[in-house]
Structure formats: C-alpha cells, structure tokens
Amino acid sequence: MRSITKNGVRIDDTFAEAFPMRGTALVITGPNKRWARQAAVTMTGFATSVIGCGCEASIDGEVEARDTPDGRPGMRVLIFAMSSNDLQTQLVNRVGQCVLTSPGSACFADLSAPDVLKIGDLLRYFGDGWQISKKFGDRHFWRIPVMDGEFLCEATTGLTKGAVGGGNLLICGADYERTLRAAEAAVEAMNGVRDAIMPFPGGIVRSGSKVGSKYKALHASTNDAFCPSLRGAVKTALDDDIGCVLEIVIDGLTEAAVANAMRAGLAAIIKLGPRNGARRVSAGNYGGKLGPFHFHLKDLLV
Amino acid sequence: MTLVLTPKVTPPQRLDLSALLPHLLADKSSKEIAAIDLATTCEKITVGDLFRIRAGSAEEIRFEDGSERFDGVGQGLNRGRILVAGDAGINAGRKMSGGELVISGNVGPYAGSAMAGGRLEILGNAGDFLAAPREGELNGMSGGLLVLRGAAGLRAGDRLRRGTILIEGGAGDWLGSRLIAGTLVVLGRAGMSPGYLMRRGTIVLAKPPALAATFVDCGQFASSFPAVFGRFLLPESRGAARLFRAPLRRFAGDMAVLGKGEIFVPA
C-alpha cells in the first residue's frame, strides 16, 4: 500500500470507515472521586462493541466538582447504540442497575438535543410511589428514596442522531512491547479529546474483525489479513517488519470529535517514532461502500 | 426603545391595567394606546388621561411610577417585559405565562395568582394570597419563578402546583396551604401552620415556627437535591443558595391529607 512517512512511521494512504450511531452523554456524580468513578466504570462495563454488548460506552473524562450540577466530583460518560430503541433500553438498564445502585450517586443529562431519552422518567417507578418530581426552568429531576438517602436523577437526556461510531487506527509495530507502547500513547492522547470515547478495554482492541466468516452462524471473524501468525497462509496486509497489530476504535458524539481523536492519536504515535513505538499506521474500512463517514489518515496528519 | 408610561395624575379610581401587555400593544400607535380604557367604574378613564406616553417598542413597557390602585399589572403577560417603578394593586402578574414582570414597590393581594410561566419579581412586600388561585379556581401557580424580596401576607403559595416561589422576607400564617406540588422557599420568619393540608411539594423554611403535629420528622439524609436546587437559585438569591447549602432536616406531611409533601428546615 502507498504510504507517507512521518518521523519514520509509515502512514498508509487509506481511511477508516465509520457509521452513524445514536448517542448520549451523562454526568454521574458521587460523594467523592472514587465513588463517582466506580459508578461510571460499572455503568460502562461490558460495552465494548454493539455486536455483543448492545451498546458501546466509556468514560469521556473527569468533571471537577465545581462544574457538576450538584457540586460533587463527577465523571462524564458517553453511550452509543445503533438505534434509538437500543440506546433507550441500554441506557435505562445501565443507569438502573449500575448508577442507581452505587452508593451516593446522582445522574445528570449532559447533552441537550431536541430528541430525548428517558432516564428518571422510567427509573422513578423504583420509588414505589414515594418518588418526588422536581422542576426548575426547563430541567426536570426525580428524587427516588433509597437506603442511603436519595437518588437524584434527571428525567431525560438529549439524544443525538449525528453520532459516529467505528473510527479506527490499526497500529502496527515490530514487536509486542513497542506496539502496545504506541497504542497506549495514542489512547492517552485521545482521552483528552472531548465527545469521543474508545470503548474497548483500556481503549485498545487486539482482536480486530472482518465482515463474514466461514461459519454460517457468525457475522464477523478474525481479521486474518492483520494476524502476524497467518502471514504467508492468507492474503496478508502485513509487511515483513511487522510483528504485532493493535487497533483503537473511536466513537464520537460528532464526526469532528472522531476526527479530533484520530488526529490526536496519530500525532502521539508519530511523536513516539518507530524505534520506541509503531512502524506503520493503517485503518480499517470495507471499501467505502458501507459507512458514510470516511476518515482519511493523510487528512489527519498535523 | 422602551414604551414609557409616566403617570400625570393620581388615579381617581382603581384601574385595570391588564390591557397594557406587550403582545396586545405590539401593533398599536401611541394614539391607539392613549385611547385604551382602564376604568373599573362607569366613569371612563383612558391611558392618555392618566399617563404621558413616550412611544417605543411595546416589548418592554415601563411605568415610571406606581400606585396601589394599579390593578392587573402584567395580568396575562406571555412575552416581553414590564417594569413598574413603584407599587401595584391586586392581581399583579396574575395568570402570566411568559416574559418578565418586575415591580419595585409593594403589591396587593393575589400577586402572581395562578401564574403558569415567566418570571415575576417584587422588590417590596406582597399582600395575602401570593400566587394563589382566585375564587372558584382549583389550582394556584402552575409554573415559572416568583421572587418576592419583601414579606408575604397570609396563605402565600396557596394551592401551588408547579414552579418555584422564593420569598426573601417573612411570610404570614398558613404559608403554602393546600400545596399540590412545586417548591416554596422562605428566608424570613414564617407564620403558624405552614403547609396546612399540603399533599405533595416542597417547602423550605430558614426560620420555621413549630410545625403542626401532622408533620412527621424524617431526620437528616444525604441527597443531591438541595445542592442542585441551591445552585439554580444562586443567580436569584444568595440567601436562598446559602440556606440550601446548610444541612437540612425533612418533615413529611401533611399527614392529615396525602402526606407526600415535605418541609425542610435547617438541621
């Protein structure tokens, strides 16, 4: 494949192909940082891929106490799904099972949009008639009595239909250590980008997939072209100097957020250079016919 | 520019100013405005008889002086702004659903009666039945924000159903009587039997009297609600924000009726 070399790192002349998703943002607060984080981590657990988890979710960032609605430490969480219905189901299940249950938590909407998803409007029934509705201006909250006091939950949160899922970088390095180091540096940089998350474990996925499988029951299977162990046995995409590939997948509330995250990740990988990090960066696509959003790597070089 | 109405004479009778609203005056010339009848008796009296008119956009109407005979100021207001540099009579801001009404003096009874939206601010004191329903009506205030800097008379917030009332001064007896829902905050001293027969809703009292026996002590507990609400009220009143920051103790009532209401007092 044709490529551009930046600081010794080969950047493939290709693009990441991404898809429209539905998304929302929440701020979850707690009595201290530890418990705000715990509620957010629990809520965004098992949410790496819509294929098997029903949604993709992760923490977007920490929110300082002075910037949260109740003045307590908070975490901003993003959650994405393929349809509004899926997102509604996942949202209420996750807030209900993971945030409502977490000691001292409160849950606030953090996206204003004309379309809305219900949170407190559904969870209020847990109050068994003792729930209290509170409105101020255009904000609506539910207070639900729980054993440690009250769970305060915003009635609804905004739903964006302009979210983008599936932005990605394929990070190819000489060996495991250096590839992981490059991927970690990229995730670290991308964590600083608002409105975008990397839903896989620690932001990194090692089992990238292709569409289809030799087995009828499976819709996706291992990305053999990027598996170093299959080099020679299949039509490989790897060069002789590549021994390991890791992928970062990005979901964003907007197309710009995904592009910004990819740009930040690429810059970090290039800065690290091939001696300590990756030798090559590529991206996954399906020939450009499936997803309407194309993020060309060459356009994302700073 | 603002439409300014400067009183020329002391009103010879009670006036009904409910015709002087931005949306009603939008397309009217000064001449047409001057011809509007404000009389409440058989003796006709027009805007032109009472006020010197300085033409301007009716989106903002300013009365350069007030009078306790100015009834119905801002009654039915749904957009724009009305400022009164003085007192107003009964029904100030009654049934307003939007916009803003600011009265720098005192107002009579039924200020903000059955208001449904917008912002009403009174810098002086208010008469009885603040935000309450009029005779035969089922609900009092059902939305918006009412800020009273002075003190309220009897039965302030009667049958409040939604919205927020903030009273920085004291309040008379039976504050928040028959409350249906909504939030009522009083920073001054409150009279006897607050929340009498309240069903749902929240009353927050900085200086509560002894509560009726039909309010039961729920003690103190952790909730984000006071912090969130206190932050909302901060731009309106630092005193209210301070009250919500302090630890609060909850009393549930009125157990003589539904009992799902609450009165918060400093713990």
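Residues numbered from 1 in each chain as written. Chains lettered and ligands numbered in written order. Predicted model: local features only at pLDDT ≥ 70, side-chain atom pairs only at ≥ 80, totals over all residues.

So what about the overall build of chain B? Which residues, and what values?
When helices and strands are tallied, chain B shows five helices and 15 strands. Over its C-alpha trace chain B gives a radius of gyration of 19 Å, about what one expects of a compact globule, namely 18 Å for 267 residues. With respect to the principal axes defined by its C-alpha atoms, chain B has extents near 60 × 35 × 25 Å. Long-range pairs, those at least 24 residues apart, make up 38% of the contacts in chain B between residues at least 6 apart in sequence. (Helix = DSSP H or I, 4+ residues; strand = E, 2+ residues; numbered from the N terminus. Rg over C-alpha atoms; globule rule 2.2 N^0.38 Å. Contact = placed C-beta atoms within 7 Å.)

Requested: an account of the interface of chain A and chain B, with residues and values cited.
Of the residues lining the interface, 15 residues belong to chain A; the matching set on chain B comes to 13 residues. Looking at the side of chain A that touches chain B, the elements with two or more residues in it are strand S8 (132–136), strand S9 (139–146) and strand S10 (149–154) of chain A. Of the residues in the side of chain A that touches chain B, the class split is five nonpolar, four polar and six charged. (Nonpolar A, V, L, I, M, F, W, Y, C, P; charged D, E, K, R; others polar.)

Would you mind going over helix H1 (residues 33–43) of chain A in detail, with residue names and values included?
Residues and elements named next belong to chain A. When H1 is considered as a whole, its buried residues turn out to be Ala36, Ala39, Ala40 and Met43. For H1, the arc enclosing every buried residue in end-on projection is 95 degrees, short of the 170-degree limit, so these residues lie on one face. Here the buried face of H1 lies against strand S3 (15–29), strand S4 (56–63), strand S5 (74–81) and helix H3 (84–99). (Buried ≥ 20, exposed ≤ 12 C-beta atoms within 10 Å, placed from the backbone. Arc of directions from axis to C-beta.)

Can you break down helix H5 (residues 238–245) of chain B residue by residue, with the values?
Turning to H5 of chain B, its buried residues number three or more, namely Ala240, Leu243 and Phe244 of chain B. Looking straight down H5 of chain B, one finds that the buried residues subtend no more than 95 degrees of arc, so they occupy a single side.

Outline unusual backbone geometry, listing residues and values.
Across the junction of Gly253 of chain B and Asp254 of chain B, the peptide omega takes the value 0 degrees, indicating a cis bond. By the secondary structure assignment, Asp254 of chain B is in the loop between strand S14 (248–253) and strand S15 (261–266). One non-glycine residue, Asp195 of chain A, adopts positive backbone phi at about 70 degrees. Structurally, the position occupied by Asp195 of chain A is in the loop between helix H5 (176–191) and strand S12 (196–197).

Please give an account of the nonpolar core that cites residues and values.
Counting 171 residues, the largest nonpolar core has Ile28, Ile171, Ala186, Ile269 and Val281 of chain A as its most contacted members. Excluding residues within four positions of it along the chain, Ile269 of chain A makes contact with Val9, Ile171, Ala182, Ala185, Ala186, Gly277, Ala278 and Val281 of chain A. (Core = buried A, V, L, I, M, F, W, Y, C linked by C-beta atoms within 7 Å.)

Describe the packing of H1 of chain A against H3 of chain A, and please don't skip the residues or the numbers.
All names here are of chain A. Put simply, H1 and H3 touch, their axes get as near as 9 Å, and they point 135 degrees apart. In terms of orientation, H1 and H3 fall into the oblique class. Here H1 runs over H3; the crossing is right-handed. Contact residues: H1 offers Ala39, Thr42 and Met43, while H3 offers Arg94, Val95, Cys98 and Val99. For the contact of H1 with H3, a count of residues per class yields five nonpolar, one polar and one charged. (Axes fitted to C-alpha atoms, helices over the stretch in contact; angles between N-to-C directions. Parallel < 35°, antiparallel > 145°, perpendicular 65-115°, else oblique. Left-handed = near helix turned anticlockwise from the far one by under 90°.)

Describe the packing of H5 of chain A against helix H6 (residues 255–276) of chain A, with residues and values.
All names here are of chain A. For the pair H5 and H6, interaxial distance at closest approach is 8 Å and the crossing angle is 150 degrees. In this structure, H5 crosses over H6, and the sense of that crossing is right-handed. In contact with Arg178, Arg181, Ala182, Ala185, Ala186, Glu188, Ala189 and Met190 of H5, H6 contributes Ala261, Ala264, Gly265, Ala267, Ala268, Ile269, Leu272 and Asn276.

So what's going on with the domain arrangement of chain A? Residues and values would help.
A common measure of how large an interface is: the accessible area buried when the components associate. Residues and elements named next belong to chain A. Entries for chain A in the domain assignment read domain 1 (3–18 + 162–300) and domain 2 (22–160). Computed from C-alpha atoms alone, the centre-to-centre distance between domain 1 and domain 2 is 30 Å. On the side of domain 2, 15 residues touch domain 1, which itself brings 13 residues to the contact. Top element by residues in the side of domain 1 that touches domain 2 is strand S11 (residues 156–173). It accounts for three residues. Looking at the side of domain 1 that touches domain 2 residue by residue, the classes come out as eight nonpolar, two polar and three charged. (Domains from an automatic or database assignment.)

Would you mind going over the domain arrangement of chain B in detail, with residue names and values included?
Residue and element names in this part refer to chain B. Assigned domains of chain B: these are domain 1 (1–59) and domain 2 (66–266). The centre of domain 1, based on its C-alpha atoms, is set 30 Å off from the matching centre of domain 2. Of the residues lining the interface, 10 residues belong to domain 1; the matching set on domain 2 comes to 15 residues. Of all the secondary structure elements, the ones that give two or more residues to the side of domain 1 that touches domain 2 are strand S2 (15–16) and helix H1 (22–25). Considered class by class, the residues forming the side of domain 1 that touches domain 2 number five nonpolar, two polar and three charged.

Outline the pairing of S10 of chain A, supporting the account with residue identities and numerical values.
Residues and elements named next belong to chain A. Most of S10 is tucked away, with five of its six residues classed as buried. Where strand S6 (residues 106–109) meets S10, two bridges bridge the pair, whose relative direction is parallel. Bridged to Ala106 within S10 is Leu152. (Pairing = 2+ DSSP bridges.)

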